[in-house]
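# Understanding the architecture of this molecule
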Amino acid sequence: MVRIEGLRKCYGALEVLKDITLDVMRGEKISIIGPSGSGKTTLLRCINWIEKPSGGHVYIDGNLIGEKLVGGRHVAMDDRELARLRVGTGMVFQRFNLFPHLTALQNITIGPRKVLKMPATEAEAGAMTLLDKVGLTAKRDAYPEMLSGGQQQRVAIARALAMRPKVMLFDEATSALDPELIGEVLAVMRQLAGEGMTMIIVTHEMKFAEEISDRVIFMDHGVVVEQGKPEQLFRSPAQQRTQTFLRAVLGRQAYQ
Ligand code: ADP
Ligand code: MG
């Protein structure tokens, strides 16, 4: 479903992603863990070309993203084509990024109406189904400031799903939440996983990552240091750097 080939990203002299190659199968759940600054967010942002990679290629469901092949050479796509293909990926951010002047329902319908040109009644029917899925039917007319962080994040997930993405990218979706609100967001993500969605999840919730993932990837300094099945990576990591990182975060989480 996702193919990342030799992806590189530089900010000036700083090489943030160094030759990342990764395939994600249809329906696969991948968790990405790693220290702050290791390039996790940049990797997610390069997958849907919110951030333009410095090198390498990304394919979603077989389609090259951000570029096209013309006479055997890669040339940049125009913005309209890119916007059309970007619909294939739904992204959920640490900060929920809802439109403050729109209700929960309007936050969900705006993408389908503006980008997919869906008629209002159809977009609203779809949005109500999604609000039901995330347990927020009663909040359809609430503005973001009237919702808790957990509720806002569930609306943000519904908003991403409204575009019928092929893959969902989660960037620390629960990191900005009060501890008692984390569970309700993880529950929605767990349900989505059960429905067969392809998911790439950057998270610090190690227990959740272990439970939900088909594969866990440990990144550090812009490279994939190690990847494996969750029980292998969490219980018997092969690399020293992975061991050190896990000891630091799991030690801390044991006290939470
Ligand atoms: P992570 O999500 O793993 O914490 P990021 O992908 O956010 O890491 O960042 C990786 C590195 O890239 C960090 O050193 C960060 O400071 C740098 N970086 C991220 N975005 C930019 C930017 N727009 N300009 C310059 N440096 C950036
Ligand atoms: Mg990040």
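First, a word on scope: everything that follows refers to the structure included in this document. (Residues numbered from 1 in each chain as written. Chains lettered and ligands numbered in written order. Predicted model: local features only at pLDDT ≥ 70, side-chain atom pairs only at ≥ 80, totals over all residues. Heavy atoms only, no water.)

### Some points on the overall build of the chain
When its secondary structure is counted, the chain shows 9 helices and 12 strands. Against the compact-globule benchmark of 18 Å for 256 residues, the chain has a radius of gyration of 19 Å, which places it among compact chains. Structurally, the chain occupies a C-alpha span of about 55 × 55 × 35 Å along its principal axes. With 256 residues in all, the chain has 51% of them scored as buried. Across the chain, contacts joining residues at least 24 apart in sequence account for 63% of those joining residues at least 6 apart. Counting every atom, the chain has about 12,400 Å² of accessible surface; 51% of that belongs to carbon and sulfur. (Helix = DSSP H or I, 4+ residues; strand = E, 2+ residues; numbered from the N terminus. Rg over C-alpha atoms; globule rule 2.2 N^0.38 Å. Buried < 20%, exposed > 50% of the residue type's maximum accessible area, 1.4 Å probe, protein only. Contact = heavy atoms within 4.5 Å. Areas by Shrake-Rupley, 256 points an atom, 1.4 Å probe, with all protein chains shown as cover.)

### Description of the sheet that holds strand β8 (residues 89-92)
Taken in spatial order, the 6 strands of this open sheet run β8-β9-β10-β3-β11-β12, and their pairing is mixed. Strands with a single pairing partner mark the edges of an open sheet, and in this sheet they are β8 and β12 (223-228). Taking the axes of each pair of neighbouring strands and ignoring which way they run, one obtains an average angle of 20° across the sheet. Pairing of strand β9 (residues 167-171) with strand β10 (residues 198-202) involves 5 bridges; the strand directions are parallel. Its bridge partner lying in β10, Met 168 is registered against Met 199. Sheet strands touched by helix α6 (residues 179-194): β3 (29-33), β9 and β10. Its angle to β10, the strand with the most contacts, is close to 150°. (Pairing = 2+ DSSP bridges. Axes fitted to C-alpha atoms, helices over the stretch in contact; angles between N-to-C directions.)

### As for the pairing of strand β2 (residues 14-24)
Direction of pairing for strand β1 (residues 2-11) relative to β2: antiparallel, over a ladder of 7 bridges. Counterpart to Leu 7 in the pairing with β2 is Ile 20.

### Things to note about the packing of aromatic side chains
Here the structure, examined in full by the defined rule, presents 1 aromatic pair. Ring centres of Phe 218 and Phe 245 lie 5.2 Å apart, and the angle between their planes is 35°; on these two criteria the pair is classed as tilted. Placement of Phe 218 in strand β11 (residues 215-220) and of Phe 245 in helix α9 (residues 240-253) is noted, with a sequence separation of 27 residues between them. (Phe/Tyr/Trp six-rings, centres within 6.5 Å; stacked < 30°, edge-to-face > 60°.)

### Let's talk about the pattern of salt bridges
Per the counting criterion, the structure on display carries 14 salt bridges. Of the charged contacts in the structure, one is a salt bridge between Glu 184 and Arg 154, with a shortest N-O distance of 2.6 Å. With Glu 184 in helix α6 and Arg 154 in helix α5 (residues 149-161), this pair connects stretches of sequence that are 30 residues apart. Judged by its relative accessible area of 11%, Arg 154 is buried. Between Arg 241 and Asp 220 there is a salt bridge, with the nearest N and O atoms lying 3.4 Å from each other. (Salt bridge = Lys/Arg side-chain N within 4 Å of Asp/Glu carboxyl O.)

### A few points about a positive patch on the surface
Taken together, the side chains of Arg 80, Arg 113, Lys 114 and Lys 117 present a region of like positive charge at the surface. Structurally, Lys 114 is set in helix α3 (residues 104-114). Accessibility expressed as a relative area gives 59% for Lys 114, which makes it exposed. (Patch = residues over 30% accessible without salt bridge, like charges linked within 9 Å, V, L, I, M, F, W, Y side chains within 5 Å. Lys, Arg positive; Asp, Glu negative; His and termini not counted. Charge placed at Lys NZ, Arg CZ, Asp CG, Glu CD.)

### So, the packing of α5 against α6
At a closest axis distance of 8 Å, the pairing of α5 and α6 adopts a crossing angle of 20°. The orientation of α5 with respect to α6, classified from their angle, is roughly parallel. Handedness of the crossing formed by α5 with α6: right-handed. Together, Gly 149, Gly 150, Gln 151, Gln 153, Arg 154, Ile 157 and Leu 161 of α5 and Leu 181, Glu 184, Val 185, Val 188, Met 189 and Leu 192 of α6 make up the contact between the two elements. The residue makeup of the contact of α5 with α6, split by class, is 7 nonpolar, 4 polar and 2 charged. (Parallel < 35°, antiparallel > 145°, perpendicular 65-115°, else oblique. Left-handed = near helix turned anticlockwise from the far one by under 90°. Nonpolar A, V, L, I, M, F, W, Y, C, P; charged D, E, K, R; others polar.)

### Re the nonpolar core
In terms of nonpolar packing, the biggest core is built from 37 residues, with Ile 108, Ile 157, Met 168, Phe 170, Met 189, Leu 192 and Met 199 touching the most fellow members. Mapped onto this core, the elements with two or more residues apiece are α3, α4 (120-133), α5, β9, α6, β10 and α7 (206-212). Per-element tally for this core: the top contributor is α6, with 8 residues. Apart from the residues within four sequence positions on either side, Met 189 is in contact with Ile 157, Phe 170, Ala 173, Met 199, Ile 201, Phe 208 and Ile 212. (Core = buried A, V, L, I, M, F, W, Y, C linked by side-chain atoms within 4.5 Å.)

### Some details on the site of ligand 1
Around ligand 1 sit Tyr 11, Leu 14, Val 16, Pro 35, Ser 36, Gly 37, Ser 38, Gly 39, Lys 40, Thr 41 and Thr 42, and that is every residue in its neighbourhood. A distance of 3.1 Å separates an oxygen atom of ligand 1 from a polar backbone atom of Ser 38. Within the backbone of Gly 39, a nitrogen or oxygen atom sits 3.0 Å from an oxygen atom of ligand 1. When ligand 1 sits alone it has 560 Å² of accessible area, and the protein chains cover 59% of it. Every element with two or more residues in the shell around ligand 1 is listed here: β2 and α1 (40-47). By residue number, the principal contributor to the shell around ligand 1 is α1, which donates 3 residues. In terms of residue class, the shell around ligand 1 is built from 4 nonpolar, 6 polar and 1 charged. (Near = heavy atom within 4 Å. Polar contact = N/O pair within 3.5 Å; in protein donor to acceptor, adjacent residues only side chain to side chain.)

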